[in-house]
Amino acid sequence: MEIKFKFMREYRIHYHSGVYQTNSHEAALPQNSSTPPPAVLPIFLFGDSIFDVGTNNFVPECTAKANHQHHGIDFPKSEPTGRFSDGFNTADYLVKLMGHEMSPPPFLSLDKANSSFRDRILEGANFASAGSGILDSTGFGAYKSLGSSKAKEFLSRSLFLISVGGNDVLDYGRFNNTIGGFWVSPLSLIPMLISAYENHLKNLYHLGARRFGVVSMSPLGCCPYVRAQNNGECLQVANIFAQSFFDPMKNLLEQLAAKLPGMKYSLGNAYQMTMDIIQEPFTFNITEAAKACCGKGSFNGENRCDPDAQVCENREEYLFWDRFHPTQAVARFAARTLYGGSKNVVIPMNFSQLTQI
């Protein structure tokens, strides 16, 4: 059996006779069905740069990369890893809270490490890629294929974390209300994104996935990139799109869980979490909630964080690391909130509860 899953860049994994097969090698899964599950859940991550831990480093033609200074300035040994952060990102902190010593690596890095592929893929992998989105026209097109009952059983014991959608909204505005070259009514955008998201979730479910940790959109209109183009103010139309994504996503997940046996989910409200910081920054020990720590121009939001950019010293007090992404301090807060937060920010259960089902 083969099922195609479109989400980001092109990945093809096939499963035949108890064996995972990729482009250049294969690795056998455990054949003994009585083998007890690992103490720590395998985790597979999908999405954009919020979860990306270096996928694009392995894609030569991709320009959305963070494998250069000043990214990683607070990472061990000040290493730029491909994360759009001064250090760790939300994906890193989430999986550590779930018992992993470190974040599952980019799948493409596993694909090149033939000798360790089997052992490492059984712990999970990160497919998130900066620039990707819900729609095929956003960033990249992708395919993922899996099959067979053994693969489904393995994936049913895994956790799937997804954070995606912001690039779709930003590209919609950047390209004058068009998607793939065609004009789309503002009233049609969110339903279009929800419909595409539904297909992705169903495809993952049919592959074997049962537990989904989903993160909604943050207030895109308040990032330094948008503020720099809007006289320092949040762009409300972008925020309306981001905020209005949450309720349809909530309804979609409720409907799918009612129809698909065994499906469980958590939905984190990134919009509310971020607006809480913007509206009451000192409550979260944040002194700068509008300007990026690393960048150039107005609000440090006009250009990328590159080796020539200005960099703040008090990074723990900034909401934004660069023109789009949070600092590791805020990423840590976001992960802790998703993992252990109450129902005003994560429903119907938090990510910790999701791992225990």
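The following paragraphs examine the structure supplied in this document. Here the structure is a predicted model, which is why all the values come from computation and not from measurement. (Residues numbered from 1 in each chain as written. Predicted model: local features only at pLDDT ≥ 70, side-chain atom pairs only at ≥ 80, totals over all residues. Heavy atoms only, no water.)

## What to know about the state of the cysteines
Inference 1: Counted under the stated rule, the structure contains three disulfides.
Inference 2: In this model, cysteine 293 is linked to cysteine 312 through a disulfide, with the two sulfur atoms separated by 2.0 Å. Across the S-S bond linking cysteine 293 and cysteine 312, the dihedral sits near -105 degrees, which makes this disulfide left-handed. Here cysteine 293, found in the loop between strand S13 (288–292) and strand S14 (294–295), pairs with cysteine 312, found in the loop between strand S15 (310–311) and strand S16 (318–320); they are 19 residues apart in sequence, far enough to count as distant.
Inference 3: Each sulfur in the disulfide pair cysteine 294 and cysteine 305 lies 2.0 Å from the other. Negative torsions about the S-S bond denote left-handed disulfides, and the value of about 85 degrees found for cysteine 294 with cysteine 305 makes this one right-handed. With a gap of eleven residues between them, cysteine 294 in strand S14 and cysteine 305 in the loop between S14 and S15 connect regions that are remote in the sequence. (Disulfide = S-S within 2.5 Å. Helix = DSSP H or I, 4+ residues; strand = E, 2+ residues; numbered from the N terminus.)

## Describing the nonpolar core
Inference 1: Judged by nonpolar contacts, the single largest core of 65 residues is most densely connected at Phe44, Leu193, Tyr197, Leu201, Phe212, Phe245 and Met249.
Inference 2: With ten residues, the top contributor of residues to this core is helix H6 (residues 186–207).
Inference 3: With residues near it in sequence (within four places) discarded, phenylalanine 245 still touches Ile134, Ile190, Leu193, Ile194, Tyr197, Ser216 and Met217. (Core = buried A, V, L, I, M, F, W, Y, C linked by side-chain atoms within 4.5 Å. Buried < 20%, exposed > 50% of the residue type's maximum accessible area, 1.4 Å probe, protein only. Contact = heavy atoms within 4.5 Å.)

## Thoughts on the environment of proline 76
Inference 1: Mapped onto the fold, proline 76 is located in the loop between strand S5 (43–47) and helix H1 (90–97).
Inference 2: The spacing of proline 76 and glycine 87 is eleven residues in sequence and 7.9 Å in space, taken between C-alpha atoms.

## A look at the pattern of salt bridges
Inference 1: Taken as a whole, this structure holds eight salt bridges when the rule is applied.
Inference 2: A salt bridge links aspartate 92 to arginine 83; its shortest N-O distance comes to 2.7 Å. With respect to class, aspartate 92 is no different from arginine 83; both count as buried.
Inference 3: We note a salt bridge from glutamate 198 to lysine 202, for which the minimum N-O separation is 3.1 Å. Of the two residues, glutamate 198 and lysine 202 are both situated in helix H6; the distance of four residues between them amounts to about one turn of the helix. (Salt bridge = Lys/Arg side-chain N within 4 Å of Asp/Glu carboxyl O.)

## Considerations on helix H8 (residues 236–244)
Inference 1: Looking at H8, one finds that the buried residues are Ala238, Asn239, Phe241 and Ala242. In an axial view of H8, the angular spread of the buried residues amounts to 155 degrees, which keeps them on one side of the axis.
Inference 2: Tucked inside the fold, the buried residues of H8 contact helix H5 (166–174), H6, helix H9 (246–259) and helix H10 (270–279). (Arc of directions from axis to C-beta.)

## Some thoughts on the sheet that holds S5
Inference 1: The strand order S6-S5-S8-S11-S12-S17 describes an open sheet built from six strands, whose pairing is mixed. The sheet terminates laterally at strand S6 (124–126) and strand S17 (346–347), the two strands that pair on one side only.
Inference 2: Packed on one face of the sheet, H9 meets strand S11 (211–215), strand S12 (264–268) and S17 and runs near 175 degrees to S12. (Pairing = 2+ DSSP bridges. Axes fitted to C-alpha atoms, helices over the stretch in contact; angles between N-to-C directions.)

## Details of unusual backbone geometry
Inference 1: In this chain, glutamine 69 is followed by histidine 70 through a cis amide linkage whose omega measures 10 degrees.
Inference 2: In this structure, histidine 70 sits in the loop between S5 and H1.
Inference 3: Residue isoleucine 347 is joined to proline 348 through a cis peptide bond whose omega torsion reads -15 degrees.
Inference 4: By the element assignment, proline 348 lies in the loop between S17 and helix H12 (351–355).
Inference 5: Within the chain, asparagine 285 stands out as a residue other than glycine whose phi angle is a positive 60 degrees.
Inference 6: By secondary structure assignment, the location of asparagine 285 is in the loop between H10 and S13.
Inference 7: Of note, asparagine 300 is a non-glycine position whose phi angle comes to about 55 degrees, a positive value.
Inference 8: Positionally, asparagine 300 belongs in the loop between S14 and S15.
Inference 9: Look at asparagine 300 and you get buried, because its relative accessible area is 3%.

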